Amino acid sequence: MGPHPAVAAIRLAVRRVLHDVLTDHIRSADLNRRTPHPELAEAGAGRQRAALPERPDTPLVLVACSGGADSMALASALAFEARKLAVRAGGITVDHGLQDGSDERAAEVVDRLTDLRLDPVESVAVRVGHEGGPEAAARDARYAALDAAAERHGAAAVLLGHTRDDQAETVLLGLARGSGIRSLSGMAAASGPAGRYRRPFLQLDRQTARKACLVQSLPVWDDPHNIDPAYTRSRLRHEGLPALEKALGKGVVEALARTAQLSRDDADALDTWAAEADRAARDDAGRLECAKLFALPPAVRRRVLRRAAVEAGSPAGSLFARHIEEVDRLITGWRGQRAINLPGRVEAMRQGGRLVIRQS
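Residues numbered from 1 in each chain as written. Predicted model: local features only at pLDDT ≥ 70, side-chain atom pairs only at ≥ 80, totals over all residues. Heavy atoms only, no water.

### Examining the pattern of salt bridges
Between side chains of opposite charge, a pair can form as their charged atoms come close.
And then number 1: If you walk through the whole model with that rule in mind, you get 28 salt bridges.
And then number 2: For the salt bridge of Arg210 with Asp222, the shortest nitrogen-to-oxygen distance reads 2.8 Å. Taken together, the residues Arg210 in helix 9 (residues 206-215) and Asp222 in the loop between helix 9 and helix 10 (232-248) connect sequence positions 12 residues apart.
And then number 3: In this structure, the salt-bridge partner of Glu311 is Arg307, at a minimum N-O distance of 3.6 Å. Pair noted here: Glu311 and Arg307 are both in helix 13 (residues 298-311), with a separation of four residues, about one helical turn.
And then number 4: On the basis of relative accessibility, which here comes to 56%, the residue Glu311 falls in the exposed class.
And then number 5: Each of the salt bridges in this network shares a partner with another, and the network as a whole consists of Asp166, Glu169, Arg206, Arg233 and Arg237. (Salt bridge = Lys/Arg side-chain N within 4 Å of Asp/Glu carboxyl O. Helix = DSSP H or I, 4+ residues; strand = E, 2+ residues; numbered from the N terminus. Buried < 20%, exposed > 50% of the residue type's maximum accessible area, 1.4 Å probe, protein only.)

### Observations regarding the pairing of strand 1 (residues 60-64)
And then number 1: Summarising burial for strand 1: five of the five residues are buried, a large majority.
And then number 2: Side chains Leu60, Leu62 and Ala64 of strand 1 all project onto a buried face; the interleaved residues Val61 and Val63 project onto the opposite face, where all are buried too.
And then number 3: Where strand 1 lies against strand 2 (residues 88-95), five bridges are found, and the strand directions are parallel. What sits directly across from Leu62, in strand 2, is Gly90.
And then number 4: Tracing the backbone out of strand 1, into helix 4 (residues 69-82) and back to the parallel element strand 2 gives a crossover that is right-handed.
And then number 5: Examined bridge by bridge, strand 1 and strand 4 (residues 157-159) share three bridges and lie parallel to one another. Looking at the pairing, Leu62 lines up with Val158 of strand 4. (Pairing = 2+ DSSP bridges. Right-handed = clockwise from strand over helix to strand, strands pointing away.)

### Considering helix 9
And then number 1: When helix 9 is considered as a whole, its buried residues turn out to be Arg206, Thr208, Ala209, Ala212 and Cys213.
And then number 2: Against helix 1 (5-34), helix 4, helix 7 (164-176) and helix 10 lie the buried residues of helix 9.
And then number 3: Looking one or two residues past helix 9, Ser217 carries a phi angle of roughly 55°, positive in sign. (Contact = heavy atoms within 4.5 Å.)

### Some words on the nonpolar core
And then number 1: Core analysis: the largest hydrophobic core is formed by 35 residues, its most contacted members being Val14, Val61, Leu78, Leu116, Leu118 and Phe201.
And then number 2: Of all the elements in the fold, those that place two or more residues in this core are helix 1, strand 1, helix 4, helix 5 (102-115), strand 4 and helix 9.
And then number 3: If near-sequence neighbours (up to four positions away) are discounted, Val14 is found in contact with Leu74, Ala77, Leu78, Glu81, Leu159, Pro200 and Phe201.
And then number 4: Of all hydrophobic cores here, the second largest spans 25 residues; its members include Leu296, Leu330, Ile340 and Ala348. (Core = buried A, V, L, I, M, F, W, Y, C linked by side-chain atoms within 4.5 Å.)

### Concerning the packing of aromatic side chains
And then number 1: Under the definition given, this model contains one aromatic pair.
And then number 2: Between the NZ or CZ atom of Arg11 and the centre of the ring of Phe80, over which it lies, the distance is 3.6 Å. (Phe/Tyr/Trp six-rings, centres within 6.5 Å; stacked < 30°, edge-to-face > 60°. Lys NZ or Arg CZ within 6 Å of the ring centre and 35° of its normal.)

### Examining the environment of Val304
And then number 1: Summarising the element assignment, Val304 is placed in helix 13.
And then number 2: Assessed through its relative accessible area of 0%, Val304 is described here as buried.
And then number 3: Residues Val304 and Arg279, 25 residues apart in the sequence, show an inter-C-alpha distance of 9.4 Å.
And then number 4: Among residues more than four places away in sequence, those in contact with Val304 are Ala274, Ala277, Asp278, Leu288, Leu293 and Leu296.

### Some thoughts on the sheet that holds strand 4
The strands making up a sheet are joined through hydrogen bonds of the backbone, oriented either antiparallel or parallel.
And then number 1: Read from one edge of the open sheet, six strands run 3-2-1-4-6-5, paired in mixed fashion. Unpaired on one side and paired on the other, strand 3 (121-125) and strand 5 (190-191) mark the two borders of the sheet.
And then number 2: Contacting strand 1, strand 2 and strand 4, helix 4 crosses the sheet at an angle of about 160° to strand 1. (Axes fitted to C-alpha atoms, helices over the stretch in contact; angles between N-to-C directions.)

### Structural notes on the layout of surface pockets
And then number 1: The calculated volume of the second largest pocket comes to roughly 450 Å³.
And then number 2: The wall of the second largest pocket is formed by 25 residues, among which Ala189, Arg199, Pro200, Leu202 and Gln203 lie closest to the centre.
And then number 3: Those elements that place two or more of their residues in the lining of the second largest pocket are helix 1, helix 7 and helix 11 (252-280).
And then number 4: Residue classes in the lining of the second largest pocket are distributed as 13 nonpolar, four polar and eight charged. (1 Å grid on protein atoms, 1.4 Å probe; cavity = no way out; pocket = protein on both sides within 12 Å on 5 of 7 lines; lining within 4 Å. Points joined across faces, edges and corners; volume = space filled by probe spheres on them. Nonpolar A, V, L, I, M, F, W, Y, C, P; charged D, E, K, R; others polar.)

### Things to note about unusual backbone geometry
And then number 1: Residue Asp119 is joined to Pro120 through a cis peptide bond whose omega torsion reads 5°.
And then number 2: Locating Pro120 in the fold gives a position in the loop between helix 5 and strand 3.
And then number 3: Its identity is not glycine, yet Ala194 carries a phi of approximately 55°, on the positive side.
And then number 4: Among the secondary structure elements, Ala194 is positioned in the loop between strand 5 and strand 6 (197-198).
And then number 5: Overall, Ala194 belongs to the exposed group, its relative accessible area being 81%.
And then number 6: Of note in this structure, Ser217 is not a glycine but carries a positive phi near 55°.
And then number 7: You can call Ser217 exposed: its relative accessible area is 63%.

Given below as structure tokens:
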């Protein structure tokens, strides 16, 4: 008799991701073989071959685990599948220090991960700032800690327990902010530097992960912040989505997750188009020509403008749609306007039929 369907589902999702990580790792190792370090090149071809290993090192995959049902289910599946593949498995828990006894709970998570025979396992304490609100500040601190841990341990990937429900919430939050299609595309299955962060559960619902923990007798911790109405995502989870399902019927979460994937495909295509248009819209000196920009479809032109602003030094996280709309009017509604001030002390102005974006 096989495992419970919920357990089988989470293991299959993790197995697929681990195969992808292994494939990427082998490709990287093959590339390194073909492109030896300059110091090896000076030593002669024979010594180069002798210095290279017969097979690539076994990659390390870490799981980011809060102790909640989603990440504990992920940790258990990683521990099970890694033993069957040429993968080492470890775990990281981040102590945000936002609740009394958070250090004790982090220590408990470390014990649970160790019981699953993950190695290395560690708890990392962070200091959460205030920029962008409590949720954004905690997220920034968490990812900074995970990035540092991945670098410290030389991890090939870090697994995150985001589910289809989390994806649906992310899409709705983007919609509420009036964001563009990139924001509506939600979370990517792989993101971060070199695709470091992998999300195996984006096609699985939250209930499947919780059921997998239950049937495996895995203890889980329910973060009280997840039911605190002071947090936007918590209100959406416990009030907004249930109201939508009541009004529109079941299947809202699945439809929103599907919207995320369709939006991501469209956004990727538009970004590729914009990169090509950026090159074509420049003169021999590399300046953007307003006439060529005017001829572009608005969705492509605004991507070119945003890209140019970021390259000039405007922080991407502080650059909003209203900023790009103002710059766009220099192209589509030119009335002799003054320079447009953008975040990061960047200014955009029209000069002699060219769009100049630079730091002031």
